[in-house]
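Structural characterization, general
The lines below spell out each chain.
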Amino acid sequence: MMPDRVSLVARWVQEAPRVTVLTGAGISTESGIPDFRGPQGLWTKHPEKQRLFTISTYLADPEVRRQAWRERLDHPAWSARPGPGHRALAAFERTGRLRALATQNIDGLHQAAGSDPALVLELHGTLHEAVCLSCGLRTPMGEVLDRVRGGEDDPACLACGGVQKSATVSFGQALDPEILEAAFLAAQTCELFIAVGTSLTVTPAATLCDTAVRAGARLVIVNAEPTPYDRMAAVILSDPIGEVLPSILTTGTG
Ligand code: NAD
């Protein structure tokens with residue numbers, strides 16, 4: 001690792017009264033969930049799969065929905081366990097200085113690691129629930145997947161017959177305004193903002209970095225590959241997240 005920069009950031013973490021963290025798919029690759037744009041990413045390898053994540057094609061094409069349900073059945077999140085990065089963030093929370101943990105991930109691994117659900121802002125929703133696109137009814141994902149296993153290849157909403165999907169934000173869908181507002185407020189009210197495992201190419205999530213820096217926070221980026229925000233960062237750490245986060249967050253957490 002890069003010892004000087006790591007100990008510098010560890011000191012910033014210890015000194016900052018409020019730390020806001022933004023995580024992306026890269027924190028879960030060590031748990032066996034591929035990211036989208038990294039070298040082994042889903043879209044790097046299968047660009048055509050973006051159709052499954054676009055709301056207009058999902059609504060228009062039953063075959064897209066059938067394929068999406070098959071993929072949800074086999075999603076690696078169902079067997080994934082939190083990694084050292086998730087655990088280090090949950091441990092850091094006990095200092096009382098974690099302002100918020102905004103995540104672009106839908107896998108629920110922060111909560112599984114013990115992070116307080118009230119601090120986790122799931123900007124892109126969750127895979128652990130299904131939602132009806134007509135009436136908005138939310139159902140635990142396990143119940144809907146049981147119907148898929150039972151032979152329903154595009155299970156309709158039991159309340160109104162509408163099209164269902166995972167409660168995740170697809171391309172063409174708006175983010176939850178309350179969650180987004182809470183994330184921007186947390187970016188504005190911290191001394192240190194750490195972006196972890198994200199290519200910072202998806203807006204508005206990526207613009208949280210900009211907001212934090214403009215409000216006076218130091219930006220630290222923990223990511224293997226370059227990002228468009230690198231020039232704004234005080235320090236960039238590109239070693240594996242599972243090594244970097246325990247090193248910068250665990251000192252002094254008891
Ligand atoms: P991304 O795929 O665009 O970028 C991930 C970044 O993490 C890459 O730059 C990669 O180099 C880096 N990375 C991967 N493993 C790493 C490691 N071990 N150490 C250091 N760096 C590592 O991901 P994103 O920016 O989060 O955007 C992807 C979108 O896809 C998000 O909107 C998210 O909702 C969704 N997504 C979620 C999951 C999940 O829930 N786990 C998985 C894939 C995609």
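Residues numbered from 1 in each chain as written. Predicted model: local features only at pLDDT ≥ 70, side-chain atom pairs only at ≥ 80, totals over all residues. Heavy atoms only, no water.

1. Examining the overall build of the chain
Helix and strand content of the chain: ten helices and nine strands. Projecting the C-alpha coordinates of the chain onto the three principal axes gives extents of approximately 55 × 35 × 35 Å. Within the span of the chain, comprising 254 residues, buried residues form 48% of the whole. Counting 23 positive and 28 negative side-chain charges, the chain places the centres of these two groups 2 Å from one another. (Helix = DSSP H or I, 4+ residues; strand = E, 2+ residues; numbered from the N terminus. Buried < 20%, exposed > 50% of the residue type's maximum accessible area, 1.4 Å probe, protein only. Lys, Arg positive; Asp, Glu negative; His and termini not counted. Charge placed at Lys NZ, Arg CZ, Asp CG, Glu CD.)

2. A word on the packing of aromatic side chains
Tallying each qualifying case throughout the model produces one aromatic pair. On the basis of an interplanar angle of 70° and a centroid distance of 5.5 Å, the ring pair of Phe36 and Phe53 is categorised as edge-to-face. Taken together, the positions of Phe36 in the loop between β1 (19–23) and α2 (42–45) and Phe53 in the loop between α2 and α3 (55–60) put the pair 17 residues apart, joining distant regions of the chain. Judged by its relative accessible area of 27%, Phe36 falls in the partly exposed class. Given a relative accessible area of 27%, Phe53 falls into the partly exposed group. Looking at Arg72, its charged tip hangs above the ring of Trp69, at a distance of 4.4 Å from the centre. (Phe/Tyr/Trp six-rings, centres within 6.5 Å; stacked < 30°, edge-to-face > 60°. Lys NZ or Arg CZ within 6 Å of the ring centre and 35° of its normal.)

3. Notes on the layout of surface pockets
Size it by volume and the second largest pocket reaches roughly 290 Å³. Residue lining of the second largest pocket: 18 residues in total, with Gly125, Arg138, Ala167, Val169 and Asp176 positioned closest to the centre. Sorting the residues of the lining of the second largest pocket by element identifies β4 (125–132) and β6 (164–168) as the ones contributing at least two each. Sorting elements by how many residues they give to the lining of the second largest pocket places β6 first, with four residues. Each residue belonging to the lining of the second largest pocket can be placed in one class, and the counts come to eight nonpolar, six polar and four charged. The residues that make up the lining of the second largest pocket include at least three from each of domain 1 (1–31 + 82–124 + 174–254) and domain 2 (34–79 + 128–168). (1 Å grid on protein atoms, 1.4 Å probe; cavity = no way out; pocket = protein on both sides within 12 Å on 5 of 7 lines; lining within 4 Å. Points joined across faces, edges and corners; volume = space filled by probe spheres on them. Nonpolar A, V, L, I, M, F, W, Y, C, P; charged D, E, K, R; others polar. Domains from an automatic or database assignment.)

4. Quick look at the site of the ligand
Around the ligand, a shell composed of 24 residues is seen, among which Gln104, Asp107, His124, Ser199 and Glu225 lie nearest. At 2.8 Å from an oxygen atom of the ligand is found a main-chain nitrogen or oxygen belonging to Ala25. Within the contact set of the ligand, a nitrogen atom lies 3.2 Å away from a backbone nitrogen or oxygen of Ile241. Considered on its own, the ligand offers 860 Å² of accessible surface; in the complex 92% of this is hidden by protein. Split into classes, the residues belonging to the shell around the ligand amount to eight nonpolar, eleven polar and five charged. Here the shell around the ligand gathers at least three residues from each of two domains, domain 1 (1–31 + 82–124 + 174–254) and domain 2 (34–79 + 128–168). (Near = heavy atom within 4 Å. Polar contact = N/O pair within 3.5 Å; in protein donor to acceptor, adjacent residues only side chain to side chain. Areas by Shrake-Rupley, 256 points an atom, 1.4 Å probe, with all protein chains shown as cover.)

5. A word on the packing of helix α5 (residues 84–93) against helix α10 (residues 241–249)
Helix-helix packing is characterised by the crossing angle of the two axes and by the distance between the axes. For the pair α5 and α10, interaxial distance at closest approach is 7 Å and the crossing angle is 15°. In terms of axis orientation, α5 runs roughly parallel to α10. In terms of crossing hand, the pair formed by α5 and α10 is left-handed. Seen from α5, the contacting residues are Pro84, Gly85, Ala88, Leu89 and Phe92; seen from α10, they are Ile241, Gly242, Leu245, Pro246 and Leu249. Taken together, the residues of the contact of α5 with α10 sort by class into eight nonpolar, two polar and no charged. (Axes fitted to C-alpha atoms, helices over the stretch in contact; angles between N-to-C directions. Parallel < 35°, antiparallel > 145°, perpendicular 65-115°, else oblique. Left-handed = near helix turned anticlockwise from the far one by under 90°. Contact = heavy atoms within 4.5 Å.)

6. So, the domain arrangement of the chain
By domain assignment, the chain separates into domain 1 (1–31 + 82–124 + 174–254) and domain 2 (34–79 + 128–168). Taking only C-alpha atoms into account, the centre of domain 1 sits 27 Å from that of domain 2. Taken residue by residue, the interface counts eleven residues in domain 1 and nine residues in domain 2. A buried area of about 710 Å², summed over both sides, lies between domain 1 and domain 2, and 59% of it is on carbon and sulfur atoms. Of all residues in domain 1, Ile106, Asp107 and Glu225 give up the largest surface area on contact with domain 2, accounting jointly for 43% of the area buried on that side. One can count zero salt bridges joining domain 1 with domain 2. Of the residues that constitute the side of domain 1 that touches domain 2, the class distribution is three nonpolar, six polar and two charged. (Buried area = accessible area lost by both parts, 1.4 Å probe. Salt bridge = Lys/Arg side-chain N within 4 Å of Asp/Glu carboxyl O.)

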